[in-house]
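# Fold and contact review
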Amino acid sequence: MNARSEKKQAKQRAKEQRALALQGMREGRPVTGPMQVHIDITNGCNAKCITCWDHSPLLKSPRSNAWKGQRISLERFLEILVQLDALDSVQAVVVSGMGDPLTHPQVYEMLAAVKERGWHLTVLSNLVAADMDRLCEVGVDNLLVGVHGATPETYMAFHPTWTERHFNALCMGLRKLRRTETAVRHVHVINRDTAHELVQMVRFGHLFRAQRVNFKLASLDGGTEDCAVTPEQVQWMLEEGIPAARQAAEEQGVHTNLELFEKQVRAWADSDLVTADMESIGCFMGYVYSRITVDQEVLYCCNTHVQVGSLLEHSFQELWQGARWQKLRDSLAGGRFFKGCERCGKVEQNIKWNTRFGGALHDV
């Protein structure tokens, strides 16, 4: 089978899985497994991003060195892939961590194992620790690069332990990726240090041929609230920054999520620290997505407060069909959200499923 036929077959398979997921949503119980599974392979990170819940220097209760040293073994990672393969529903795997996955010494073997199964592979990384030759060889489908600043000064403000050398390493990696088929998306978390560079971030994306430039208002907790955008910055972004960035994107042909970002900023302006109106959007993740942490806790979504169970005690299949997961689905379908849902990290995906389903689950 040639590449074109494989791509066509994959699209058809994804369409069929979406139909099954929607059927489960209507029936109130899944009739198939998740389409996407997110696997964390390490808690360790080479950066201390100012907004990070796990590594920021602003945290009032920092993570322990023991926690930061945790990572999953290659053998266990492969065992998890076998469990996911048996579901016959998985279309895509996201590899990341509570730190940076490219700091894991066996990350490239792990990425290759995902690709061998024909799954769509997404990797989240700051790119600084990458072996660029090996990363390009693996054939990552979608690479979400944490950039967080279009100039050395802003980049270093967001990464307070890094220097211009790290910014240059990022740029060298992005330049090399331009010669590959990997869809590279730039991610910019917006806080007080980065809010002024919206236009420059669009231009930076154009310079390195980003497939898309994603803006995300910083989700803050545990002490990182101290680096939140100011009311003056919120007003400037709504009145000047976002319109100017949108115009720059149109002029340079850069795809962005500025429409969604503007909604996040307006939600923040209306109610501090809220970035997603989940009451109107609804949560669909319990039918299509899950995340597995390094210590093999299975999460309902990317919200670490919403745990389902442990792979050390049950198989993924047992958890997915189990009473705990179903209770969480029922709660969210009833409009009963959890701590952290007001800062939903899967808001864009939930909006897409809201459109497919025809409204929030608790409204239908």
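This report concerns the structure included in the present document.

Take the overall build of the chain next. Looking only at helices and strands, the chain features 14 helices and nine strands. The C-alpha atoms of the chain give 20 Å as radius of gyration, which agrees with the globular expectation for 364 residues (21 Å, within 12%). When the backbone C-alpha atoms are referred to their principal axes, the chain occupies close to 50 × 45 × 45 Å. Burial statistics for the chain: of 364 residues in total, 54% are counted as buried. Partitioning the intrachain contacts of the chain with sequence separation of at least 6 by distance along the chain shows that 72% fall at a separation of at least 24. Entry remark: accessible area of the chain is about 16500 Å², with carbon and sulfur atoms responsible for 48%. On the chain, the mean spot of the 42 positive side-chain charges and the mean spot of the 43 negative ones are 4 Å from each other.

Take the state of the cysteines next. In this structure the tally under the stated criterion is zero disulfides. A disulfide-free cysteine, C301 has its sulfur positioned 5.2 Å from the sulfur of C302, the nearest such atom.

Read across the sheet, nine strands follow the order 6-5-4-3-2-1-7-8-9 without closing on themselves; strand pairing throughout is mixed. The open sheet has two edge strands with one neighbour each: strand 6 (212–217) and strand 9 (307–310). Averaged over all neighbouring strand pairs, the angle between strand axes comes to 20 degrees, with direction disregarded. As paired strands, strand 8 (residues 297–299) and strand 9 are joined by three bridges and run antiparallel to one another. Across the sheet, residue E297 finds its bridge partner in strand 9, namely S310.

Let's shift gears to helix 8 (residues 198–207). Turning to helix 8, its buried residues number three or more, namely L198, V199, M201, V202, F204 and G205. On its buried face, helix 8 sits against helix 7 (164–177), strand 5 (183–190), strand 6, helix 9 (231–252) and helix 10 (258–270).

Along the polypeptide, A86 turns up in helix 3 (residues 74–87). Placed 231 residues apart in sequence, A86 and Q317 show a C-alpha to C-alpha distance of 8.6 Å.

Structurally, H148 is set in the loop between strand 4 (142–146) and helix 6 (152–158). The exposure class of H148 is buried, given its relative accessible area of 8%. Excluding its chain neighbours within four sequence positions, the residues that come into contact with H148 are T154, Y155, F158, H159, V187, H188, V189 and T194.

Here we come to a positive patch on the surface. A contiguous patch of positive charge on the surface is contributed by R175, R178, R179 and R209. Turning to its location among the elements, R209 is positioned in the loop between helix 8 and strand 6.

Inspection of every chain in the model, using the stated rule, returns nine aromatic pairs. Cluster of aromatic residues (ring-pair linked, three or more members): Y155, W162, F167, F204 and F208. One cation-aromatic arrangement involves R329 over W320; the distance from NZ or CZ to the ring centre is 4.8 Å.

Looking now at the environment of T180. You can see T180 is positioned in the loop between helix 7 and strand 5. For T180 and G118, which are 62 residues apart along the polypeptide, the C-alpha to C-alpha distance reads 18 Å. A polar contact is formed between the side chain of T180 and the backbone oxygen of L177, at a distance of 2.8 Å. A distance of 3.3 Å separates a polar side-chain atom of T180 from the backbone nitrogen of T182.

Let us now look at helix 3. Three or four residues apart is the spacing at which side chains of an α-helix point the same way, because the helix has 3.6 residues per turn. In a regular helix each residue adds 1.5 Å, so 14 residues correspond to 20 Å; helix 3 covers 21 Å between its end C-alpha atoms and thus fits that length. Along helix 3, the residues that are buried comprise L74, R76, F77, I80, L81, L84 and L87. Looking down the long axis of helix 3, one finds its buried residues gathered within 160 degrees of arc, a one-sided arrangement. Away from its buried face by more than 90 degrees, helix 3 exposes E75 and A86. Of the surrounding secondary structure, the elements contacted by the buried residues of helix 3 are strand 1 (36–40), strand 2 (92–96), helix 4 (107–116), strand 7 (289–292) and helix 12 (316–320). One or two residues past the end of helix 3 sits D88, with phi positive at roughly 60 degrees.

Now for the environment of V114. Position of V114 relative to the elements: it lies in helix 4. For the pair V114 and L81, spaced 33 residues apart in sequence, the C-alpha to C-alpha distance is 7.6 Å. Those residues in contact with V114 that lie beyond four places of it in its chain are F77, L81, V93, W119 and L121.

The next thing to look at is the pattern of salt bridges. As a working rule, side chains carrying opposite charge can pair if their charged atoms are close by. Following the criterion strictly, the structure yields twelve salt bridges and no others. Measuring nitrogen to oxygen at the nearest pair gives 2.9 Å for the salt bridge that ties D54 to R63. The exposure class of R63 is partly exposed, given its relative accessible area of 35%. With a closest N to O distance of 3.7 Å, D193 and R192 form a salt bridge. For D193, a relative accessible area of 17% corresponds to the buried category. On the accessibility criterion, R192 (36% relative accessible area) is partly exposed. Each of R246, E262 and R266 takes part in salt bridges that share partners, so that together they form one network.

Definitions and cut-offs
- Residues numbered from 1 in each chain as written.
- Predicted model: local features only at pLDDT ≥ 70, side-chain atom pairs only at ≥ 80, totals over all residues.
- Heavy atoms only, no water.
- Helix = DSSP H or I, 4+ residues; strand = E, 2+ residues; numbered from the N terminus.
- Rg over C-alpha atoms; globule rule 2.2 N^0.38 Å.
- Buried < 20%, exposed > 50% of the residue type's maximum accessible area, 1.4 Å probe, protein only.
- Contact = heavy atoms within 4.5 Å.
- Areas by Shrake-Rupley, 256 points an atom, 1.4 Å probe, with all protein chains shown as cover.
- Lys, Arg positive; Asp, Glu negative; His and termini not counted.
- Charge placed at Lys NZ, Arg CZ, Asp CG, Glu CD.
- Disulfide = S-S within 2.5 Å.
- Pairing = 2+ DSSP bridges.
- Axes fitted to C-alpha atoms, helices over the stretch in contact; angles between N-to-C directions.
- Patch = residues over 30% accessible without salt bridge, like charges linked within 9 Å, V, L, I, M, F, W, Y side chains within 5 Å.
- Salt bridge = Lys/Arg side-chain N within 4 Å of Asp/Glu carboxyl O.
- Phe/Tyr/Trp six-rings, centres within 6.5 Å; stacked < 30°, edge-to-face > 60°.
- Lys NZ or Arg CZ within 6 Å of the ring centre and 35° of its normal.
- Polar contact = N/O pair within 3.5 Å; in protein donor to acceptor, adjacent residues only side chain to side chain.
- Expected span 1.5 Å × (residues − 1).
- Arc of directions from axis to C-beta.

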